[in-house]
Amino acid sequence: MGVYRAKFPSEVTRIREDIRVMRIRGAGKIARAGAEALAIAAELYRGDDLAGFLKYIEDVADYVRSARPTAVSLPNAISYVITRLRRAKPLSVSEARELVVKAARTFISYSLRAVKVIGELGAKRIENGDVVMTHCHSTAAVSVIATAHRMGKVNTVYVKETRPRMQGLITAKALADEGLDVILIPDSSTRYFMKKVNKVVVGADTVAANGAVVNKIGTSLVALAAKEARVRVYVAAETYKFSPMTVVGELVPIEVREPAEIVSEEWLRKNPRVEVFNPVFDVTPPEYIDAIITEKGVIPPQAAILILMEEYGLSIKEIVGVAEETELKEEELRE
Ligand code: RUB
């Protein structure tokens, strides 16, 4: 990445670094920060060579997109801006710059509005007196819980601490500030507390075409415990968290972070025979999810493909065509 760094304004490299080291975190926030980085890069571009500008913006896009691998919201936000620029075929740098800035700002305000709408739609699924459990820190999930609280439906929320980065503390503070009674619990107590809970509300980094949800590691265990206890599981996710690549069978890459998030480097040095593995997201299959709350409506996870068809203008024929082609290729490979 050193090659890139010299080329881009420090404001852009700072945003990418903030995403990488998780000073900016959560799928919605990193998507908005990615779009903002493109707008800043466009605004700070000096020169009047259109081809040079277009190449530069594509390079910034690649650079920012690679900050973290799992949340599809980041590449989707970048694509939102870049496809609008490509489609418009601008004739000058100033026109191209304006297109980038406008598309980025449109994405950001859409995203912020979506979180609010999700709060309102999700709160309708919460019943009076519900006790909620949540995991990690999701702005969309907090929006649902806080809105339901303002409507007088929820008072108590169990918040998992979410090791190793303890994002549960951010959620606990946000919901306590909203006036909820917050009980912060260790991750390992999920099943123990599930019997006191009526609803689980979590966020998503990526929703696959089959309705599987990729979210903070441990989400799938919450869903498993909820299923056993017959507790409903809701996922709050804006539509730009749905992954178009999964339509053609691409797997969602799961980020693995440094061992130092789990144990100190000193401890590792003293115990050289111990290996640490720190995957930070997991996949919850659609069967464990009751509904996905999007800004466009509340859908069963199996309807995720419909969101993708609408978002990307794919027809059933195209999707089936792609699936058939993939199967054919696999058969060819087997022969
Ligand atoms: C954050 C996380 C959140 C989703 C949704 O992981 O898993 O549940 O990103 O968040 P990390 P939001 O802390 O590793 O980024 O609803 O805010 O988009």
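Values in this document were obtained by computation on a predicted structure and should not be read as measured data.

Thoughts on the site of the ligand
Next up, step 1: Taken together, 18 residues form the shell around the ligand, and within it Arg25, Gly28, Asn215, Lys216 and Lys241 come nearest.
Next up, step 2: Within the contact set of the ligand, an oxygen atom lies 2.8 Å away from a side-chain nitrogen or oxygen of Gln167.
Next up, step 3: Take Lys241: an N or O atom from its side chain is 2.7 Å from an oxygen atom of the ligand.
Next up, step 4: Here the ligand has 460 Å² of accessible area as a free molecule, and 99% of this is covered by the chains.
Next up, step 5: Elements represented by at least two residues in the shell around the ligand include exactly helix H3 (27–44), helix H7 (139–150) and strand E6 (213–216).
Next up, step 6: For the shell around the ligand, the per-class residue count stands at six nonpolar, seven polar and five charged.
Next up, step 7: Both domains that furnish three or more residues to the shell around the ligand are identified here as domain 1 (10–116) and domain 2 (124–312).

Some words on the domain arrangement of the protein
Next up, step 1: Per the domain assignment, the segments of the protein are domain 1 (10–116) and domain 2 (124–312).
Next up, step 2: Just the C-alpha atoms count here: the centres of domain 1 and domain 2 sit 26 Å apart.
Next up, step 3: In this assembly, domain 1 packs against domain 2 so that about 2,000 Å² is buried in total across both faces, 54% of it on carbon and sulfur atoms.
Next up, step 4: The interface formed by domain 1 and domain 2 contains one salt bridge.

Looking at the sheet that holds strand E8 (residues 281–284)
Next up, step 1: Strand order in the open sheet made by the three strands is E5-E6-E8, with antiparallel pairing throughout. In the strand order of this sheet, the two ends are held by strand E5 (206–207) and E8, each with one partner.
Next up, step 2: Seen against the sheet, helix H10 (residues 219–228) touches E6 and E8 and runs at an angle of roughly 35° to E8.

Overview of the packing of aromatic side chains
Next up, step 1: Under the defined criterion, the tally for this structure stands at nine aromatic pairs.
Next up, step 2: Ring geometry for Tyr158 and Phe193: centres 5.1 Å apart, planes at 35°, overall tilted. Taken together, the positions of Tyr158 in strand E2 (residues 154–160) and Phe193 in helix H9 (residues 190–194) put the pair 35 residues apart, joining distant regions of the chain. Residue Tyr158 shares its accessibility class with Phe193, and that shared class is buried.
Next up, step 3: Aromatic pair Tyr192 and Phe193: ring centres 5.0 Å apart, planes at 85°, arrangement edge-to-face.
Next up, step 4: Classification of Phe193 as buried rests on a relative accessible area of 15%.
Next up, step 5: Pairwise contacts between aromatic rings join Phe8, Tyr45, Phe53, Tyr56 and Tyr63 into one cluster.
Next up, step 6: Seen from the ring of Tyr80, Arg84 lies directly overhead, with NZ or CZ sitting 3.6 Å from the centre.
Next up, step 7: The ring of Tyr192 carries the charged tip of Lys195 above its face, separated from the ring centre by 5.2 Å.

Some remarks on the packing of helix H2 (residues 10–20) against H3
Next up, step 1: At their nearest, the axes of H2 and H3 sit 9 Å apart, and the two run at 170° to each other. Considering their axes alone, H2 and H3 lie roughly antiparallel with respect to each other. Where H2 crosses over H3, the handedness of that crossing is left-handed. Across the interface between the two elements, Glu11, Val12, Ile15 and Ile19 of H2 pack against Ile30, Ala33, Gly34, Glu36, Ala37, Ile40, Ala41 and Leu44 of H3.
Next up, step 2: By residue class, the composition of the contact of H2 with H3 is nine nonpolar, one polar and two charged.

With respect to the pairing of strand E1 (residues 130–134)
Next up, step 1: Of all the five residues making up E1, five are buried; the element is thus mostly covered by neighbouring parts of the structure.
Next up, step 2: With burial as the criterion, each face of E1 is covered, one bearing Asp130, Val132 and Thr134 and the other bearing Val131 and Met133.
Next up, step 3: Each parallel crossover has a hand, and for E1 linked through H7 to E2 it is right-handed.
Next up, step 4: Note: E1 against strand E4 (residues 199–203), two bridges, orientation parallel. When the sheet's bridge partners are listed, Met133 is paired in E4 with Val200.

About the criteria used
- Residues numbered from 1 in each chain as written.
- Predicted model: local features only at pLDDT ≥ 70, side-chain atom pairs only at ≥ 80, totals over all residues.
- Heavy atoms only, no water.
- Near = heavy atom within 4 Å.
- Polar contact = N/O pair within 3.5 Å; in protein donor to acceptor, adjacent residues only side chain to side chain.
- Areas by Shrake-Rupley, 256 points an atom, 1.4 Å probe, with all protein chains shown as cover.
- Helix = DSSP H or I, 4+ residues; strand = E, 2+ residues; numbered from the N terminus.
- Nonpolar A, V, L, I, M, F, W, Y, C, P; charged D, E, K, R; others polar.
- Domains from an automatic or database assignment.
- Buried area = accessible area lost by both parts, 1.4 Å probe.
- Salt bridge = Lys/Arg side-chain N within 4 Å of Asp/Glu carboxyl O.
- Pairing = 2+ DSSP bridges.
- Contact = heavy atoms within 4.5 Å.
- Axes fitted to C-alpha atoms, helices over the stretch in contact; angles between N-to-C directions.
- Phe/Tyr/Trp six-rings, centres within 6.5 Å; stacked < 30°, edge-to-face > 60°.
- Buried < 20%, exposed > 50% of the residue type's maximum accessible area, 1.4 Å probe, protein only.
- Lys NZ or Arg CZ within 6 Å of the ring centre and 35° of its normal.
- Parallel < 35°, antiparallel > 145°, perpendicular 65-115°, else oblique.
- Left-handed = near helix turned anticlockwise from the far one by under 90°.
- Right-handed = clockwise from strand over helix to strand, strands pointing away.

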